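Architecture at a glance
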Amino acid sequence: MHNPQLTDDGKLKHLLSIEGLPKSIINQILDTAESFVGVAEREVKKVPLLRGKTVCNIFFENSTRTRTTFEIAAKRLSADVINLNVSTSSQSKGETILDTVDNLTAMHADMFVIRHAQSGAAHFIARHVKPHIHVINAGDGRHAHPTQALLDVFTIRRYKPEMHNLRVALVGDVLHSRVARSEIHALTTLGVPEVRVIAPKTLLPEHVEKLGVHVYHDMAAGLKGVDVVMMLRLQNERMTGALLPSAQEYFKTFGLTQEKLALAKPDAIVTHPGPMNRGIEIDSSVADGRQSVILPQVTYGIAVRMAVMSILAGNN
Amino acid sequence: MKIHIKNGRLIDPQNGIDTKQDLFIAAGKVAGIGQAPADFAANQVIDATGLVVCPGLIDLSARLREPGYEYKATLESEMLAAAAGGVTSLACPPDTDPVLDEPGLVEMLKHRARQLNLAHVYPLGALTRQLQGANLTEMCELTEAGCVGFSQADKPITDTLVLWRAMQYAATFGFTVWLHPQDIYLAANGVAHDGEIAARLGLRPIPTTAETIALATILRLARETGVRLHICRLSSAESIDMVAAAKAEGLSVTCDIAANHLHLTEYDIGFFDANCHLQPPLRSQRDKDALRQGLANGTIDAVCSDHTPVDEDAKLLPFGEAEAGATGLELLLPLTLKWAGEQALSLSTAIACMTARPAAILGLKSGHLGLQAAADVCIFDPEQYWKIEPRALKSQGKNTPFTGMELAGKVRYTILDGDLVYKT
């Protein structure tokens, strides 16, 4: 099948999902990100790679954190940045997605960073934009959040460079999570031999095992001997209802505490895509503890997004 | 108008005919088979050398979008599409705007269709007012106006008491109830089969149980009420087993599937191809195999186009927001022929699934070409491949998962009541 995110000669054209990305491109992004980590520590935190380019953050769904990191990444590459919060503007006036995109194209944007509540929205936009425009998926529905997954594996690689020798567990709401889907593909593509998901049956999609993961419904069994624990965010509206009885019971059964973490390897690290629900999916003592790499994730997130943007801009 | 169709391969499944024979048409009826009636002087001779001559196709579900959705399609455009697809009779579901729940609306639709004279239109009336699943419609009045059955289209009755009463009432008068089984809670907001593809693409799922649980309820109430039941658009292997069991038990039940489902699975969604956003959803390979088998062994009575023209804007959206449906009238024949060819079934079997078998469900006298039968005829070239190009389709709906494919089976002539209504 034609891979919509690669050019005919196999270079990165858009970043839409991790699924379908060759290992070589993932490694290229991660290696490039390494070179950007130092930029933030310089006195002048800028490189001129995207000078004269315009990056458009089009957010059809609210997100302060992701939008901000994309904005910082683009600005550190010397790009001009436009932020558009479409959920509160034109869409409510009846403008279609393509109208919005066409209008921004007419303003000579070079790169679109898209967040949308519908799975497949970034693919849809990528299919319809002018050929010179690059699309970066910043989260589409339950489908994919590739830059988050890339920054997660970047973080893991920094702490645990031997990816082919790792046991990784994803904990929490996989069903609704674009982050989980992208993380699973990133880990398996990079050769992590054992990826586990740990969740109640109500928070797992049917056939999740076909994504190449081992399924656990019990934290004690699932965390045993793992090198990396990747926590997922539980949305407020899903804490009570038909999916879960209460936040308290969830914390008791699937929340990450020091006691449960002790079952993992002693040097295991803990990630979280943020924003965290302390006391629901993760205990503060773990979130702020010595095994947590949650804040480094945020720092690396900027380097990874700079890497993606600079690679895309170089593939014209 | 007298037409002599010569040198064609006449296939009339109901009368067991599959042989090279001429067909003679006069006064809108079949006047002679094999030899001309006395004093027959043809006004027109159609040379059908190399072509198949069969009864006009009968499509159990074609949305014409009138009244109310003329921006999606009009009677003119869709009746032309029917003629171009060799379809001479079609049943249309009641989910128009306004809903077909008033005799006057049905009469108007029938009248408009008669004026266009491109295909026979058999409306299905709404089973409940506004399709809201609460109050029964005037089924006797609607039948007098021309309804051939009663349906909820894609809006299931959730209140099982109302469903039971609706079946009882329809059974009182011997009306057929057409139902598409789907549990609205299990299918809520769903857009794709609850399989690997939905898991990977993060699409909201419609589990198979949404169909089987609703079907179990419907079949149980059909047993209680003795209603004549037609089940629309099945999509799963388990449902086919349930219908087979119901038939073995002796229930008065028939069912159909859409031609799209004979050839496609969830995997055809690929990277969010909205053309594959269909209702019911495309399911697994195993389900597809069971549908193909069920149609071959007769558990499934008929294949329909499930023609649902959707306007361009409604499809130009991300998968989940795009409207479900595909154009189908012009693809029913080639898709059914493709299935039969791949299953090594005869042309006659394929044609029966689109003629005699749906005619029995609708209670029509047509669907065959016996002497004095209505001269509704489809003449097609079974060997001619043609490329599915949206612009070339007569239907105003241009969306189909088969765009760009080459399919065999090209309609050359369509005759309705003895009049040539399409020719290419």
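Residues numbered from 1 in each chain as written. Chains lettered and ligands numbered in written order. Predicted model: local features only at pLDDT ≥ 70, side-chain atom pairs only at ≥ 80, totals over all residues.

When you go through chain B residue by residue, the secondary structure sums to 12 helices and 21 strands. The C-alpha atoms of chain B give 21 Å as radius of gyration, which agrees with the globular expectation for 424 residues (22 Å, within 12%). Reported as C-alpha extents along the three principal axes, the dimensions of chain B are approximately 65 × 50 × 45 Å. The 424 residues of chain B split such that 60% are buried. Partitioning the intrachain contacts of chain B with sequence separation of at least 6 by distance along the chain shows that 76% fall at a separation of at least 24. (Helix = DSSP H or I, 4+ residues; strand = E, 2+ residues; numbered from the N terminus. Rg over C-alpha atoms; globule rule 2.2 N^0.38 Å. Buried ≥ 20, exposed ≤ 12 C-beta atoms within 10 Å, placed from the backbone. Contact = placed C-beta atoms within 7 Å.)

Residues and elements named next belong to chain B. Running from amino to carboxyl end, helix H4 (residues 160-173) crosses helix H6 (residues 208-225) at an angle of 40 degrees, the nearest separation of the two axes being 10 Å. When the axes of H4 and H6 are compared, the pair comes out oblique. Here H4 and H6 pass one another in a crossing that is right-handed. For the pair H4 and H6, the contacting residues are Thr160, Leu163, Trp164, Met167, Gln168 and Ala171 in the first and Thr217, Leu221, Ala222 and Thr225 in the second. Of the residues belonging to the contact of H4 with H6, the class tally is 6 nonpolar, 4 polar and no charged. (Axes fitted to C-alpha atoms, helices over the stretch in contact; angles between N-to-C directions. Parallel < 35°, antiparallel > 145°, perpendicular 65-115°, else oblique. Left-handed = near helix turned anticlockwise from the far one by under 90°. Nonpolar A, V, L, I, M, F, W, Y, C, P; charged D, E, K, R; others polar.)

Strand pairs in the sheet, formed through backbone hydrogen bonds, run parallel or antiparallel to each other. Residues and elements named next belong to chain A. Strand order across the open sheet formed by 4 strands is S2-S1-S3-S4, with parallel pairing between neighbours. Both edges of this open sheet fall to strand S2 (80-85) and strand S4 (134-140), since each of them pairs with a single strand only. Direction aside, the axes of adjacent strands within the sheet are offset by 15 degrees on average. Relative to strand S3 (residues 111-116), strand S1 (residues 54-59) runs parallel, the two sharing 5 bridges. (Pairing = 2+ DSSP bridges.)

What follows deals with the interface of chain B and chain A. Taken together, the 19 residues of chain B in the interface contact 23 residues of chain A. In terms of residues, the side of chain B that touches chain A owes the most to one element, helix H5 (residues 196-201) of chain B, which gives 5 residues. Here the side of chain B that touches chain A is built from residues that sort into 11 nonpolar, 4 polar and 4 charged.

As a further point, take the domain arrangement of chain B. Residues and elements named next belong to chain B. The assigned domain composition of chain B is domain 1 (2-52 + 374-384 + 407-423) and domain 2 (56-362). Taking the mean C-alpha position of each, domain 1 and domain 2 sit 29 Å from one another. Listed as interface residues are 18 residues of domain 1 and, on the opposing side, 22 residues of domain 2. Where the side of domain 1 that touches domain 2 is concerned, the elements lending two or more residues are strand S19 (377-387), strand S20 (406-416) and strand S21 (419-423). Sorting elements by how many residues they give to the side of domain 1 that touches domain 2 places S20 first, with 6 residues. Class assignment for the residues of the side of domain 1 that touches domain 2 results in 13 nonpolar, 3 polar and 2 charged. (Domains from an automatic or database assignment.)

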